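# Analysis of the macromolecular model
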Amino acid sequence: MKKNNTMHLCLAPMDGITTCATRLLTKEIFEKCWAPHNTLTLRTEFMNVDGFLINPDNVIKHLQTTPEQQPIAQIYGGNETTLLKAAISIEREYGHLFSWIELNLGCPSTTVMKCGGGSDMMKNREKTLTIIQHLSEQLEQLPFSIKVRTGLNEADKPQQADFLVKASQRCSTISIHGRTLKQLYSGDADWEFIAQVQQRIKAVSPHCQIIGNGGITSYEQAKTLQKHYELNGIMIGQAAIGNPRIFTPYQPTLSDKLETILRHLDISVACDQLFEALFLNGRREICLKTAQLEEQIQSNLKKADFEAHSTVEFRKFLFQYLKGIPGSREWKSGMLSIKKYRELRNQIIDFFENKG
Ligand SMILES: Cc1cc2nc3c(=O)[nH]c(=O)nc-3n(C[C@H](O)[C@H](O)[C@H](O)COP(=O)(O)O)c2cc1C
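Note that the coordinates shown come from a computational prediction; the quantities given were computed from them, not determined experimentally.

Here is what the cut-offs are and how they apply
Residues numbered from 1 in each chain as written. Predicted model: local features only at pLDDT ≥ 70, side-chain atom pairs only at ≥ 80, totals over all residues. Helix = DSSP H or I, 4+ residues; strand = E, 2+ residues; numbered from the N terminus. Buried ≥ 20, exposed ≤ 12 C-beta atoms within 10 Å, placed from the backbone. Contact = placed C-beta atoms within 7 Å. Near = placed C-beta within 6 Å. Nonpolar A, V, L, I, M, F, W, Y, C, P; charged D, E, K, R; others polar. Domains from an automatic or database assignment. Pairing = 2+ DSSP bridges. Axes fitted to C-alpha atoms, helices over the stretch in contact; angles between N-to-C directions. Parallel < 35°, antiparallel > 145°, perpendicular 65-115°, else oblique. Left-handed = near helix turned anticlockwise from the far one by under 90°.

Another point: the overall build of the protein. Broken down by element type, the protein carries 15 helices and 11 strands. With the C-alpha coordinates of the protein rotated into their principal frame, the extents come out at 60 × 50 × 35 Å. Classification of the 356 residues of the protein by burial places 44% in the buried group. Once local pairs closer than 6 in sequence are excluded, the contacts in the protein between residues at least 24 apart make up 75%.

What follows covers the site of the ligand. Taken together, 22 residues lie near the ligand, and A12, M14, F46, G237 and Q238 sit nearest. A breakdown of the residues in the shell around the ligand according to their chemical character gives 10 nonpolar, 9 polar and 3 charged.

Before going further, it helps to examine the domain arrangement of the protein. Under the domain assignment, the protein is made up of domain 1 (8-247) and domain 2 (254-355). Taken together, the contact pairs 22 residues of domain 1 with 17 residues of domain 2. Those elements that provide at least two residues to the side of domain 1 that touches domain 2 are α1 (20-32) and α3 (56-59). A class-by-class count of the residues in the side of domain 1 that touches domain 2 yields 13 nonpolar, 6 polar and 3 charged.

Further remarks concern the sheet that holds strand β9 (residues 233-236). Within the open sheet, the 9 strands sit side by side as β2-β1-β9-β8-β7-β6-β5-β4-β3. Their pairing is parallel. In the strand order of this sheet, the two ends are held by β2 (39-41) and β3 (43-48), each with one partner. Sheet twist, expressed as the average angle between the axes of neighbouring strands with direction ignored, equals 25°. Two strands pair when backbone bridges link them, and strand β1 (residues 8-11) and β2 are joined in this way by 3 bridges, in the parallel orientation. Its bridge partner lying in β2, H8 is registered against T39. Lying on the sheet, helix α9 (residues 219-229) is in contact with β1, β8 (209-213) and β9; it crosses β9 at an angle near 145°.

Attention now moves to the packing of helix α6 (residues 125-138) against helix α7 (residues 157-168). Between α6 and α7, the shortest axis-to-axis distance is 10 Å and the interhelical angle comes to 20°. The angle between the axes of α6 and α7 places the two elements in the roughly parallel class. For the pair α6 and α7, the crossing hand works out as right-handed. Residues R125, L129 and I132 of α6 pack against Q159, F163, K166 and A167 of α7. Split into classes, the residues belonging to the contact of α6 with α7 amount to 4 nonpolar, 1 polar and 2 charged.

Among the secondary structure elements, D50 is positioned in helix α2 (residues 49-54). Taking the C-beta count within 10 Å as the criterion, D50 has 19 such neighbours and is therefore assigned partly exposed. Separated by 197 residues in sequence, D50 and F247 have C-alpha atoms that sit 34 Å apart. Beyond its immediate stretch of four places on either side in the chain, D50 contacts G77, N79, T82 and C115.

Take the packing of α1 against helix α10 (residues 254-277) next. Two elements in contact, α1 and α10, have axes whose closest approach is 8 Å; the angle formed by their N-to-C orientations is 145°. The two elements α1 and α10 meet at a crossing, and its hand is right-handed. Facing C20, A21, L24, L25 and I29 of α1, the residues of α10 in contact are T260, R263, H264, I267, S268 and C271.

What follows is the structure in structure tokens.
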């Protein structure tokens, strides 16, 4: 922390949510509504390392970014050899695009745990510590971090705390989601656990930054928790979906909301189109130039309406943006059949015009 009132905020990595478009939009809003001294760090969705090595075309999109974002590239997997191979390859090929590489050790999904990744890595902590050691040694330029939960269940917390103290010697940052595997994504986050682990880590690995995460629903709450527990940073996940202003002290007006939704939709559609078009020399290009993106958005707004998968995908954001707006519930059901980009855009504009 540079100053007492400085906040280091992080958008939590979320599969299917923290796409290149969402990160770009969140960064734009943060910079527009900037609170002096605050910083915002972005993470990609996680990417399966085995998928990356076998058929990168299927999964590399998770790492798509614009050069200005400098997100943290998050990976998962359960096999040391493939984790190392993929991490080294990401660093070599795309290292200039990322701030550091992070290993996910907390995901509760069956698919992820079945391949030995995510929370499954907490079932053999000695093996995981060796993987962490090797990953941190093999990466030549990019710092290495981990994202974890508080343990498998309540009884497992002491073992998890000991593990984190050991792991901290090899990590530049540890993000702690204050819930156990058993809690999944709801219930109280254990901020006391995060604070106690931070105290222990400070004594052995003063270089290691601790980011607290779990259950934050407002900017003010993030501020209070950061101040109270003196953490290096605060990460927000679910409450940021459809609410990028949560990283700023300012609430959006209805017209701000409309502007944000349209921008998010425009960027999402354009990012997808550009990703499909960028296949250079047999290697997927994951870096989108901002000027190219703006050109694509302008061209989309001029051409005849078209179907886009990202329009359908956008519903999950749209419905969160509209939460709490009177009349949105009924309106939403009418949106389910829309697959065309401009049709959806126009419907959104009409909905807000009727509110004004
Ligand atoms: C839809 C969804 C997808 C997620 N995907 C990831 C992921 O890819 N990597 C990861 O480390 N955590 C993932 N998480 C966990 C979040 O990063 C975060 O730790 C969790 O949601 C708790 O924070 P919150 O209470 O603020 O939502 C995901 C969570 C949700 C809800």
